[in-house]
Amino acid sequence: MAKIGEQEIKNQIKQKEFSNAYLIYGEESYLKEFYVNQLKKKIVDPTFEDFNFHSYEGKDVALNDILKDAEMLPMMSEYNFVLVHDYPLDKSASDCDSLKEFLKDVPETTIIVFWYDSIVVDVKKNSKWKSIDTAFAKAGSSVNLEKRTESELVKLLVSGCKKRGTVLSNDNARYLISISGNDIKTLLNETEKLSSYVKDGEITKDIINRLAVKCLQAKVYDLSKAIVKGNYDLAYSVLDTLFAMKEEPISILAVISNCYIDMYRTKCAKIAGFPPEDVGKYYNYKGREFALRNAIRDCANLSINQLRDSLDVLMQADNSLKSTGVDKKLVLEETMVKLLLISKEVKYD
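Residues numbered from 1 in each chain as written. Predicted model: local features only at pLDDT ≥ 70, side-chain atom pairs only at ≥ 80, totals over all residues. Heavy atoms only, no water.

*Asks:* I'd like to hear about the overall build of the protein chain, residue by residue, with values.
*Replies:* Across its full length, the protein chain carries 17 helices and six strands. When the backbone C-alpha atoms are referred to their principal axes, the protein chain occupies close to 75 × 55 × 40 Å. Relative to its full complement of 349 residues, the protein chain shows a buried share of 46%. Long-range contacts, defined here as pairs at least 24 residues apart, represent 75% of the contacts in the protein chain between residues at least 6 apart. (Helix = DSSP H or I, 4+ residues; strand = E, 2+ residues; numbered from the N terminus. Buried < 20%, exposed > 50% of the residue type's maximum accessible area, 1.4 Å probe, protein only. Contact = heavy atoms within 4.5 Å.)

Next up, the structure:
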């Protein structure tokens, strides 16, 4: 009966020591879906699934109807399994109260799971979610499934390729993460594709460059790197490619801004005498450690004042893009020119 993470819920499932109530939330969608399915697989007997398994999409059902089914006795099985996906508990105080009252005395033969994917469960800033989190922790298990670290992802990818009879080195696994992002489902799909291509061979960096799908973040990293180096031709070429791919200017600007924020943080840490690892811990770069490595590399030739000026430009662009009646593509192009000039220490005002 507690607030737990991935290892604890894995142990519960393995040992079949289930809680009667689960709140499952967190950043990693793949892990949430995976452990929900593992719970169902271990708890629900397929022969009597029609009687003992009740599944709901939150927006389509009333909480009272869910709780009525949760009170039912199982038929020819040990448990009655109730799965609720994305129920908007934070929208109704009465629903919160009703659920918390139910959680005080969950039937021993019931296992009820509230699983959140598209709804963000913010237990730190939202008092309703915090109270729900506490209620589930007392009644059973509140499970926060966070992003895995880069080292954990590397181990997952390398072992996954080994099982398929292919070879992926630790360095190339890290490179794949920097290219395709840290979403587990995406990475597993990419390694499946790359393994099929090389058959029983090795997945090299060249093969990753040719076949792996780049996430928006990786594409914009190429853009920010070109800007920082003052490479006008490459910067415009990357930007034109992003426009041709119909990427939203606001999304592009958001990733560029994140790149500059990463550089600013690492530069400040260096000036203050702190290692970059401290930045990763303080700002939670879990699973995104490659972003700090990129930042350290890219900000080497930029001063702290250049980074501050760049962040001011990006903030102005953000305000412009959120205004009505502006040419968003033009705003982004003007912003890139200003950033390029700053990188060359050329005054443009």
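*Asks:* Could you give an account of the packing of helix 11 (residues 216–228) against helix 12 (residues 232–244), naming the residues involved and the relevant values?
*Replies:* In contact at an axis separation of 8 Å, helix 11 and helix 12 are set at 155 degrees when each is read in the N-to-C sense. By the criterion of interaxial angle, the relationship of helix 11 to helix 12 is roughly antiparallel. When the axes of helix 11 and helix 12 are compared, the crossing they make is left-handed. Where helix 11 approaches helix 12, its residues Leu216, Lys219, Val220, Asp222, Leu223, Ala226 and Ile227 are matched on the opposing element by Leu234, Ala235, Val238, Leu239 and Leu242. Taken together, the residues that form the contact of helix 11 with helix 12 break down as ten nonpolar, no polar and two charged. (Axes fitted to C-alpha atoms, helices over the stretch in contact; angles between N-to-C directions. Parallel < 35°, antiparallel > 145°, perpendicular 65-115°, else oblique. Left-handed = near helix turned anticlockwise from the far one by under 90°. Nonpolar A, V, L, I, M, F, W, Y, C, P; charged D, E, K, R; others polar.)

*Asks:* Any chance you could break down the nonpolar core for me, citing the residues and the numbers?
*Replies:* Of all hydrophobic cores here, the largest spans 76 residues; its most connected members are Ile24, Leu39 and Leu223. It is helix 13 (residues 249–272) that contributes the most residues to this core, eight residues altogether. Among residues more than four places away in sequence, those in contact with Leu39 are Ile9, Ile13, Phe18, Tyr22, Ile24, Phe81 and Val113. Within the second largest apolar cluster, 28 residues are counted, among which are Leu63, Leu67, Trp129 and Phe136. (Core = buried A, V, L, I, M, F, W, Y, C linked by side-chain atoms within 4.5 Å.)

*Asks:* I'd like a rundown of the packing of helix 7 (residues 150–163) against helix 8 (residues 170–180), residues and numbers included.
*Replies:* Where helix 7 meets helix 8, the axes come as close as 9 Å, and the angle between the chain directions of the two elements is 110 degrees. Overall, the two elements helix 7 and helix 8 adopt an arrangement that is roughly perpendicular. Here helix 7 and helix 8 pass one another in a crossing that is right-handed. Side by side, helix 7 and helix 8 meet where Glu150, Leu153, Val154, Leu157 and Val158 of the first sit next to Asn170, Ala173, Arg174, Leu176 and Ile177 of the second. Tallied by class, the residues present in the contact of helix 7 with helix 8 amount to seven nonpolar, one polar and two charged.

*Asks:* A description of helix 9 (residues 184–198) should follow, citing residues and the corresponding values.
*Replies:* Counting along an α-helix, one turn takes 3.6 residues, and residues three or four places apart therefore face a common direction. Between its first and last C-alpha, helix 9 extends 21 Å over 15 residues, near the 21 Å set by a 1.5 Å rise per residue. Listed in full, the buried residues belonging to helix 9 are Ile184, Leu187, Glu190, Thr191, Leu194, Ser195 and Val198. Considered in projection along helix 9, the buried side chains sweep an arc of 130 degrees and stay on one side of the axis. In the core, the buried residues of helix 9 are packed alongside helix 2 (29–43), helix 7, helix 8 and helix 10 (205–211). Where helix 9 terminates, the next one or two residues include Lys199, which has phi positive at roughly 60 degrees. (Expected span 1.5 Å × (residues − 1). Arc of directions from axis to C-beta.)

*Asks:* Any details on the side chain of His85? Residues and values, ideally.
*Replies:* Residue placement: His85 occurs in strand 4 (residues 80–85). Accessibility expressed as a relative area gives 14% for His85, which makes it buried. In terms of polar contacts, His85 uses its side chain to reach the side chain of Glu57, at 2.9 Å. Polar contacts involving the side chain of His85 include one to the side chain of Asp86, which spans 3.3 Å. With sequence-adjacent residues up to four places away left out, His85 is seen in contact with Tyr56, Glu57, Gly58, Trp115 and Asp117. (Polar contact = N/O pair within 3.5 Å; in protein donor to acceptor, adjacent residues only side chain to side chain.)

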